[in-house]
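# Observations on the three-dimensional arrangement
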Amino acid sequence: MMDEIAGFVAWLLMFFLQACPAAKLRAGEAFYFDLLPQNRRLVISVDSNDAKHHVLTFTCGVQPESGKELEKAHHATMVWGKNKTITSFKSETNEELISKPLVLPETAKKLLMGTDPNYAFLRLKRESKASPTKSVEGYRGKIGFTPAAYTLDKDEIDISTDPELGLLNVTLTNSGGVSGLQLVKVILKLKDR
């Protein structure tokens, strides 16, 4: 059974895979999110990018308070092209969480919170309530949001995304309780950027 923070790590990675601009991501990029109200920082790193075969690998975990290894780390491999397809999604214990490749839905219609394709949040017509971000440390580009809201039963997800960065903000409303993720920093380790 995953604990609450590990659950947020898995959700963030899944959201990021669906919203990220796969063709623009580069190996060595890192994206830092603040998890509120838990007051922890989550990190998504692009581990590799095989542009020829359109394959990306990612690690998402909690930035440690001491030490260098990410805590609660999850790993994913995604093939992109006409569709984004997750070919591997591993938990913090290295357990494979999908039994076959998972084709990700278009975010214009649905958003997956986990690896079960049937547990899909449907897009609402109303705009997202997610708080807008005016700037992100380490990123000089224009931030142009595409806010979206999704619902499944009584639970709601509000996201704000950017065509350059991918996922920026997420607000989860679950049985009245609210948690959020907000992108705070982008570290580009590549010399050519």
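Above this text you will find the structure in question.
Here's a quick rundown of the structure. (Residues numbered from 1 in each chain as written. Predicted model: local features only at pLDDT ≥ 70, side-chain atom pairs only at ≥ 80, totals over all residues. Heavy atoms only, no water.)

Moving on to the overall build of the protein. Scanning the protein from terminus to terminus reveals one helix and 12 strands. Scanning the protein from its N terminus toward the C terminus, one meets helices and strands in the order α-β-β-β-β-β-β-β-β-β-β-β-β. Across the 193 residues that make up the protein, the buried fraction comes to 45%. Put simply, 48% of the contacts in the protein that link residues at least 6 apart link residues at least 24 apart. For the protein, the exposed area adds up to about 10400 Å²; of that, 50% sits on carbon and sulfur atoms. A gap of 7 Å separates the mean positions of the 25 positive and 23 negative side-chain charges of the protein. (Helix = DSSP H or I, 4+ residues; strand = E, 2+ residues; numbered from the N terminus. Buried < 20%, exposed > 50% of the residue type's maximum accessible area, 1.4 Å probe, protein only. Contact = heavy atoms within 4.5 Å. Areas by Shrake-Rupley, 256 points an atom, 1.4 Å probe, with all protein chains shown as cover. Lys, Arg positive; Asp, Glu negative; His and termini not counted. Charge placed at Lys NZ, Arg CZ, Asp CG, Glu CD.)

Looking now at the sheet that holds strand 4 (residues 71–79). Across the sheet, which stays open at both edges, the 12 strands sit in the order 6-5-4-3-2-1-12-11-10-9-8-7 with antiparallel pairing between neighbours. Here the strands that pair on one side only, and so sit at the sheet edges, are strand 6 (102–103) and strand 7 (110–112). Looking at chain direction, strand 2 (residues 40–50) and strand 3 (residues 55–62) are connected through eight bridges and run antiparallel. Within strand 3, the residue paired with Ser45 across the bridge is Thr59. With respect to the sheet, helix 1 (residues 4–19) is in contact with strand 1 (30–36), strand 2, strand 3, strand 4, strand 5 (85–90), strand 6, strand 7, strand 10 (155–162), strand 11 (166–174) and strand 12 (177–187), its orientation differing from that of strand 4 by roughly 20 degrees. (Pairing = 2+ DSSP bridges. Axes fitted to C-alpha atoms, helices over the stretch in contact; angles between N-to-C directions.)

Turning to the nonpolar core, a few remarks are in order. In this structure, Phe31, Phe33, Phe58 and Ile157 are the most contacted members of the largest nonpolar core, which totals 53 residues. Per-element accounting of this core gives the leading share, 11 residues, to helix 1. (Core = buried A, V, L, I, M, F, W, Y, C linked by side-chain atoms within 4.5 Å.)

Two strands pair when backbone bridges link them, and strand 1 and strand 2 are joined in this way by six bridges, in the antiparallel orientation. From the neighbouring strand, Phe33 faces strand 2, where its bridge partner is Leu42. Hairpin connection between strand 1 and strand 2: a loop of three residues separates the two successive antiparallel strands, and Asn39 in this loop has a positive phi of roughly 60 degrees.

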